[in-house]
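Observations on the three-dimensional arrangement
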Amino acid sequence: VGRFTYGSGSTSVNICAPGVKIDAVFGFCTIRNFEHATQVLGERVMIFVNQVGEIVHGCADDYHGAPNKNIGDSFMIVWRLTGLPPERQTKLSDMAVMAFVKILAEMNKSR
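Presented here is a report on the structure given in the accompanying data block. Keep in mind the model is a prediction, meaning the values are calculated, not measured. (Residues numbered from 1 in each chain as written. Predicted model: local features only at pLDDT ≥ 70, side-chain atom pairs only at ≥ 80, totals over all residues. Heavy atoms only, no water.)

**Concerning the packing of helix 2 (residues 45-62) against helix 3 (residues 86-109)**
The relative placement of two packed helices is expressed as an angle between their axes plus a distance between the axes. Look at helix 2 against helix 3: their axes get within 9 Å of each other, and the N-to-C directions meet at 150 degrees. Relative to helix 3, the element helix 2 is oriented roughly antiparallel. Here the hand of the crossing between helix 2 and helix 3 comes out right-handed. Taking contact as the criterion, the partners of Val-52, Ile-55, Val-56 and Cys-59 in helix 2 are, on helix 3, Ala-99, Lys-102, Ile-103, Glu-106 and Met-107. (Axes fitted to C-alpha atoms, helices over the stretch in contact; angles between N-to-C directions. Helix = DSSP H or I, 4+ residues; strand = E, 2+ residues; numbered from the N terminus. Parallel < 35°, antiparallel > 145°, perpendicular 65-115°, else oblique. Left-handed = near helix turned anticlockwise from the far one by under 90°. Contact = heavy atoms within 4.5 Å.)

As structure tokens, this is what we get:
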């Protein structure tokens with residue numbers, strides 16, 4: 001992002017700057033029925049979200065993903081592939097799938 005601003009103190013972005021292609025696997029998960037959970041748990045909902053986040057971040061890290069964004073009830077994880085040899089890209093793509101399998105298994109186990 002810093003490459004696309006007009007200067008060090010600027011908040012303006014140069015939208016005409018050439019982009020850079022990035023190859024990556026993006027994983028996105030969300031807590032279903034989050035509004036219902038919020039109503040039932042009340043102020044304890046943040047403890048619940050933090051527990052879910054701990055599972056998501058832990059599994060992502062175990063499988064070489066990078067938790068990138070958390071927006072309330074949603075989590076995004078990225079596996080960056082750019083610059084890696086094809087066999088490593090395939091391995092990381094498989095690891096991304098396995099991370100989500102593990103997340104689902106851990107969520108069901110934690111009930």
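**Topic: the packing of helix 1 (residues 34-41) against helix 2**
Here helix 1 crosses helix 2 at 130 degrees, and the two axes come no closer than 8 Å. In terms of axis orientation, helix 1 runs oblique to helix 2. Taken together, the residues of helix 2 that come into contact with helix 1 (itself represented by Phe-34, Ala-37, Thr-38 and Leu-41) are Val-45, Phe-48 and Val-49. Among the residues making up the contact of helix 1 with helix 2, the classes are represented as six nonpolar, one polar and no charged. (Nonpolar A, V, L, I, M, F, W, Y, C, P; charged D, E, K, R; others polar.)

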